[in-house]
Amino acid sequence: MADGSKPLPGALRWNLGDLTVTALNDGWFQGSLDLVTGISKEEAGALQRAGFRSEAPVVTLNAFLVTGAGRKPVLIDSGYGHFGPATMGRVPAALALAGVKPEEIETVLLTHLHPDHAGGLIKEDGSAAYPNAELVVHATEAAHWLPDEALSRAPDAGKPYFENARKAVAPYGARLRKHEGGELVPGITAVPLPGHTPGHCGMRIVSGDKSLLMWTDVVHMPAIQFKQPEAGVAFDVDGDQARATRKRVLDEVATEKTFIAGSHLEFPALGTVARDGAGYSFVPALWVAGEQQ
């Protein structure tokens, strides 16, 4: 790499102009074909096998750190924290490997308020994991999960999602900033990607003539959803809208050859998207002996 740094276990750096984007692996959880919507379980299983993956999908999770250009560190999502299984909650360890302390994080940009993205905001005792950070979330997302009336009207099966979102942001109090889109911090702009949740946002990171679209949860199961964009997941709040968003984004990034990153792409989750017959393929960014290519 240009600065001589090397990939770290669970934390891999990528130079983007004057900025450095570090992929932080939070771990994985065991999924199931029962989570797949929009296509048959048989088709989903066949796609998993064709992609040389186990029929029961393993869902990986990443957060991202942005540093450089004289700024204090910015964290995009926080991982599952203690809300998830024992195989997850590794963002703090990945940050430590990247040489960043929690108190140094000035801003946490939240793509949405599902627990695997916001759960890591708090410690097990309920205190703020990033004591000096401002939280930034889309106003539509906050309105969907956080008000008392939203919790009261949620179905019983969904109430834990609302409760966990409220717990995650509670210790930050007035340090919660709601946005309507646009530039959130210098060089990072929110990209609305609704459907998975109402205020689901990607983050476009720009430095000079270099850019990266972190598309968060456009794809959860790479072996299935690149080949068959009709496939959704049971976690989608609005499955039809999430499907339309996925199709639009895949077409756009393949056409424009956009450099992308994803929360549920296999670590280090950086690369481009190519057309592949009626579907698409993910082309990981090339690394040679630890050097960015």
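Residues numbered from 1 in each chain as written. Predicted model: local features only at pLDDT ≥ 70, side-chain atom pairs only at ≥ 80, totals over all residues. Heavy atoms only, no water.

S.K.: Would you explain the confidence of the model for the chain in this entry?
M.R.: Low-pLDDT stretches of the model should not have their predicted coordinates read in fine detail. Averaged over all residues, the pLDDT of the chain equals 94, while 95% of them reach at least 70. Scored below 50 in pLDDT, residues 1-6 shows 14 contacts in the model against residues more than four places distant or in partner chains. (pLDDT = per-residue confidence, 0-100. Contact = heavy atoms within 4.5 Å.)

S.K.: Please clarify how the pairing of strand S11 (residues 201-207) should be interpreted in this entry.
M.R.: The element S11 is largely enclosed, with a buried count of five among its seven residues. Two strands pair when backbone bridges link them, and strand S10 (residues 188-192) and S11 are joined in this way by five bridges, in the antiparallel orientation. Opposite proline 192, over in S11, you have cysteine 201 as the bridge partner. In terms of strand pairing, S11 meets strand S12 (residues 210-214) through five bridges, oriented antiparallel. Considered in S12, the bridge of serine 207 is made with lysine 210. (Buried < 20%, exposed > 50% of the residue type's maximum accessible area, 1.4 Å probe, protein only. Helix = DSSP H or I, 4+ residues; strand = E, 2+ residues; numbered from the N terminus. Pairing = 2+ DSSP bridges.)

S.K.: Can you help me understand empty space enclosed by the protein in this one?
M.R.: Take a probe with the size of a water molecule and roll it over the atoms, and the empty space left behind shows itself. Applying the stated criterion to the full structure yields one cavity of 30 Å³ or more. Empty space within the largest cavity amounts to approximately 50 Å³. Lining the largest cavity, in full, are Leu193, Pro194, His196, His200, Asp217, Val218, Asp236, Ala242, Thr245 and Arg246. By residue class, the composition of the lining of the largest cavity is four nonpolar, three polar and three charged. (1 Å grid on protein atoms, 1.4 Å probe; cavity = no way out; pocket = protein on both sides within 12 Å on 5 of 7 lines; lining within 4 Å. Points joined across faces, edges and corners; volume = space filled by probe spheres on them. Nonpolar A, V, L, I, M, F, W, Y, C, P; charged D, E, K, R; others polar.)

S.K.: Before we go on, may I ask you to explain the packing of aromatic side chains in this structure?
M.R.: Centre-to-centre distance and the angle between the planes together describe a pair of aromatic rings. The full count for this structure, using the stated rule, is four aromatic pairs. Judged by centre distance (4.6 Å) and plane angle (50 degrees), the rings of tryptophan 145 and phenylalanine 162 are tilted. Of this pair, tryptophan 145 sits in helix H4 (residues 139-145) while phenylalanine 162 sits in helix H6 (residues 159-169), and the two are 17 residues apart along the sequence. As far as burial versus exposure is concerned, tryptophan 145 and phenylalanine 162 are alike and both buried. (Phe/Tyr/Trp six-rings, centres within 6.5 Å; stacked < 30°, edge-to-face > 60°.)

S.K.: Teacher, can you tell me more about the pattern of salt bridges here?
M.R.: Oppositely charged side chains are able to pair whenever their charged atoms sit close together. Under the criterion given, the structure shown has 11 salt bridges. Taking the shortest distance from any N to any O, the salt bridge between lysine 227 and aspartate 276 comes out at 2.3 Å. Highlighted residues: lysine 227 in the loop between helix H7 (222-225) and strand S13 (232-233) and aspartate 276 in strand S15 (residues 270-276), separated in sequence by 49 residues. On the basis of relative accessible area, lysine 227 is assigned to the partly exposed category, the value being 37%. Measuring nitrogen to oxygen at the nearest pair gives 3.0 Å for the salt bridge that ties arginine 243 to aspartate 240. Residue arginine 243 and its partner aspartate 240 are both found in helix H8 (residues 239-256); the two are separated by three residues, about one turn of the helix. By relative accessible area, which is 13% here, arginine 243 ends up buried. Exposure remark for aspartate 240: the relative accessible area of 59% places this residue in the exposed category. Residues joined in a network through salt bridges with shared partners are Glu230, Asp240, Arg243 and Lys247. (Salt bridge = Lys/Arg side-chain N within 4 Å of Asp/Glu carboxyl O.)

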